[in-house]
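Geometric and topological summary
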Amino acid sequence: MLKLALMAAAVTFAVPATAAATLLTTEAGYTGRGLNLSAFATGAYNFTFGPIDVDGFTFTAAPGGSGGYPAGGNSGLGSVVGQGGYGLGSNGGFGGDAVYIGVDSGTGYAELLGTTGYDQMGFFMNYAPGVGDNATIWTLASDGSVIDSFDIATLAPIVTPGGFNAFMFRGVAYDDGTKIYGLRFGGNYLLLTGTKDGVPPTPGPGGIPEPATWAMLILGFGLVGSAARRRRTVVSA
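Residues numbered from 1 in each chain as written. Predicted model: local features only at pLDDT ≥ 70, side-chain atom pairs only at ≥ 80, totals over all residues. Heavy atoms only, no water.

**Focus: the packing of aromatic side chains**
Here the structure, examined in full by the defined rule, presents nine aromatic pairs. Ring geometry for Phe124 and Phe169: centres 5.4 Å apart, planes at 75°, overall edge-to-face. Taken as a pair, Phe124 in strand 10 (residues 120-126) and Phe169 in strand 13 (residues 168-174) lie far apart in primary sequence, 45 residues in all. On the basis of relative accessibility, which here comes to 4%, the residue Phe169 falls in the buried class. Members of the aromatic cluster, connected to one another through ring pairs, are Tyr86, Phe94, Tyr100, Phe167 and Tyr189. For Arg184, the ring lying beneath its charged end belongs to Tyr109, and the centroid distance is 4.2 Å. (Phe/Tyr/Trp six-rings, centres within 6.5 Å; stacked < 30°, edge-to-face > 60°. Helix = DSSP H or I, 4+ residues; strand = E, 2+ residues; numbered from the N terminus. Buried < 20%, exposed > 50% of the residue type's maximum accessible area, 1.4 Å probe, protein only. Lys NZ or Arg CZ within 6 Å of the ring centre and 35° of its normal.)

So this is what it looks like as structure tokens:
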């Protein structure tokens with residue numbers, strides 16, 4: 001439904017990264033904040049400049065365009081939130097059950113800002129290569145100010161040629177005690193979600209047990225079965 005348009009405006013965000021910051025390119029070992037977008041799995045996407053609540057974060061958007069911030073953008077209606085068809089050029093497209101939030105512009109940005117700080121923060125994302133400015137993420141302090149910026153299109157490109165609902169993990173970790181309260185993302189049609197395919201977990205009643213819980217349940221079932229066998233033996237005797 002959305003068609004990508006090349007943006008002539010060039011906006012540069014130049015904030016040097018500190019030596020304590022590490023760009024994360026895999027979810028393996030990640031201990032930071034997750035992102036559950038199941039509340040927006042409504043079968044269609046909407047547009048918003050925010051602020052709205054997105055899984056405990058305050059989500060706001062400032063798409064770019066010839067009108068400057070916050071005007072312009074592909075739709076002129078803000079950033080996309082929810083489900084729907086979306087094309088990202090050579091990196092493929094999105095639709096079906098995928099749920100995401102994203103900057104509906106080749107320039108500008110959107111951001112998620114929370115009230116709890118983390119040593120690490122990252123999400124699954126994708127963007128349109130060669131469109132607008134370079135896809136960039138910024139770490140945010142508790143007051144929303146920028147700590148560091150990372151040009152992921154240069155430092156850790158996402159390449160999913162012709163992919164469908166394909167996202168790759170990108171994030172930031174600090175080892176000096178710096179806390180991340182949120183992420184700003186943009187400089188491109190940059191989409192964020194919580195899982196590799198954009199499909200949020202759908203646990204049944206009571207939720208899906210964690211691995212440790214499964215182990216306890218299996219042990220419990222074994223003990224119950226053993227007790228039942230002992231009772232049957234006594235009755236037979």
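More follows now that the structure is in view.
**Brief notes about unusual backbone geometry**
Cis geometry marks the peptide bond from Gly50 to Pro51, where omega comes out at 0°. Within the secondary structure, Pro51 is located in the loop between strand 2 (45-48) and strand 3 (52-54). Its identity is not glycine, yet Asp55 carries a phi of approximately 55°, on the positive side. Secondary-structure assignment places Asp55 in the loop between strand 3 and strand 4 (57-63). At Asn165, a position not held by glycine, the phi torsion is positive, near 55°. Tracing the chain through its elements places Asn165 in the loop between helix 1 (152-155) and strand 13.

**Section: the sheet that holds strand 2**
In spatial order, the strands read 1-13-10-15-8-5-2; together these seven strands make up an open sheet with antiparallel pairing. The sheet is open, and its two edges are formed by strand 1 (21-24) and strand 2, each paired on a single side. Neighbour to neighbour, the strand axes of the sheet diverge by 30° on average, direction disregarded. (Pairing = 2+ DSSP bridges. Axes fitted to C-alpha atoms, helices over the stretch in contact; angles between N-to-C directions.)

**Quick word on the pairing of strand 13**
The element strand 13 is largely enclosed, with a buried count of six among its seven residues. Two elements, strand 1 and strand 13, share four bridges in a ladder whose sense is antiparallel. What sits directly across from Thr22, in strand 13, is Ala173. Two strands pair when backbone bridges link them, and strand 10 and strand 13 are joined in this way by six bridges, in the antiparallel orientation. Counted as the bridge partner of Phe124 is Phe169 from strand 13.

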